[in-house]
Amino acid sequence: GAVVSQHPSRVICKSGTSVKIECRSLDFQATTMFWYRQFPKQSLMLMATSNEGSKATYEQGVEKDKFLINHASLTLSTLTVTSAHPEDSSFYICSALEVHEQFFGPGTRLTVL
Amino acid sequence: AQTVTQSQPEMSVQEAETVTLSCTYDTSESDYYLFWYKQPPSRQMILVIRQEAYKQQNATENRFSVNFQKAAKSFSLKISDSQLGDAAMYFCAYRMNRDDKIIFGKGTRLHILP
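My aim in this report is to walk through the structure given alongside it, one point at a time. (Residues numbered from 1 in each chain as written. Chains lettered and ligands numbered in written order. Predicted model: local features only at pLDDT ≥ 70, side-chain atom pairs only at ≥ 80, totals over all residues. Heavy atoms only, no water.)

Side note on the pattern of salt bridges
Link 1 in the chain: Per the counting criterion, the structure on display carries 9 salt bridges over all chains.
Link 2 in the chain: Close ionic contact of E59 of chain A with K101 of chain B constitutes a salt bridge, the shortest N to O distance being 2.8 Å. Residue E59 of chain A is found in the loop between strand 6 (57-58) and strand 7 (67-73), and its partner K101 of chain B is found in the loop between strand 10 (88-96) and strand 11 (103-104); the two belong to separate chains.
Link 3 in the chain: What makes K101 of chain B partly exposed here is its relative accessible area of 28%. (Salt bridge = Lys/Arg side-chain N within 4 Å of Asp/Glu carboxyl O. Helix = DSSP H or I, 4+ residues; strand = E, 2+ residues; numbered from the N terminus. Buried < 20%, exposed > 50% of the residue type's maximum accessible area, 1.4 Å probe, protein only.)

Here it is as structure tokens:
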């Protein structure tokens, strides 16, 4: 099946710094990728839809200036958490769309001190 | 708006026994997909089973099967011959056919008792 990778798998940063998370589709091209956030013991919450070559579409309540998404190629989408604060600590999961099916990355655990 | 409800936050089952996880959903659409995803401790989301709403036949994947009741908007997952490796968080999910966004339920944590 289709494989999606994320890098890094975990990151610890200081408050006020920016963190970039990469999502790659390894064996297929994905014009659409999704970014989710998952708090401990909770479900996945869709943050935004990343479209190759165009602006991302953010879900209601998600700050687009806080969570910058760039989908510069058919195999790579990046999520940058700008000026991170402790409340941004969470598990971030991406998925890549292939023929209407989403394939999920292994996730990135972000801890902001 | 579409919603997915899982009313069982946690469940336990004895190894080798059968367990059923419940899921209900709400939608005004007639064409959609339903899914069960497994999230083990590694946190990697794994697709367990998929059901197209237009298909009356319940989907089956080895030990996993669903009971899809379209009129009742119910979509339960049955795991037969439970194994220790089945221990995980299970999410019921919904997708409209005309949209690729997935809506997840809150999940059911399944414990397998040896």
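That covers the picture; the talk isn't over yet.
Describing the state of the cysteines
Residues and elements named next belong to chain A.
Link 1 in the chain: Tallied over the entire structure, the rule returns 2 disulfides over all chains.
Link 2 in the chain: Across the disulfide from C23 sits C94; the S-S distance is 2.0 Å. Because the torsion about its S-S bond is 80°, the bridge between C23 and C94 counts as right-handed. Residue C23 is found in strand 3 (residues 19-25), and its partner C94 is found in strand 9 (residues 90-98); the two are separated by 71 residues along the sequence. Summarising the burial analysis for this pair, C23 and C94 share the class buried. (Disulfide = S-S within 2.5 Å.)

Points about unusual backbone geometry
Residues and elements named next belong to chain A.
Link 1 in the chain: The step from H7 to P8 runs through a cis peptide bond, and the omega angle for that step is 0°.
Link 2 in the chain: Phi at S83 is positive, roughly 45°, even though this residue is not glycine.
Link 3 in the chain: By secondary structure assignment, the location of S83 is in the loop between strand 8 (76-81) and strand 9.
Link 4 in the chain: Residue class for S83 comes out partly exposed when judged on its relative accessible area of 34%.

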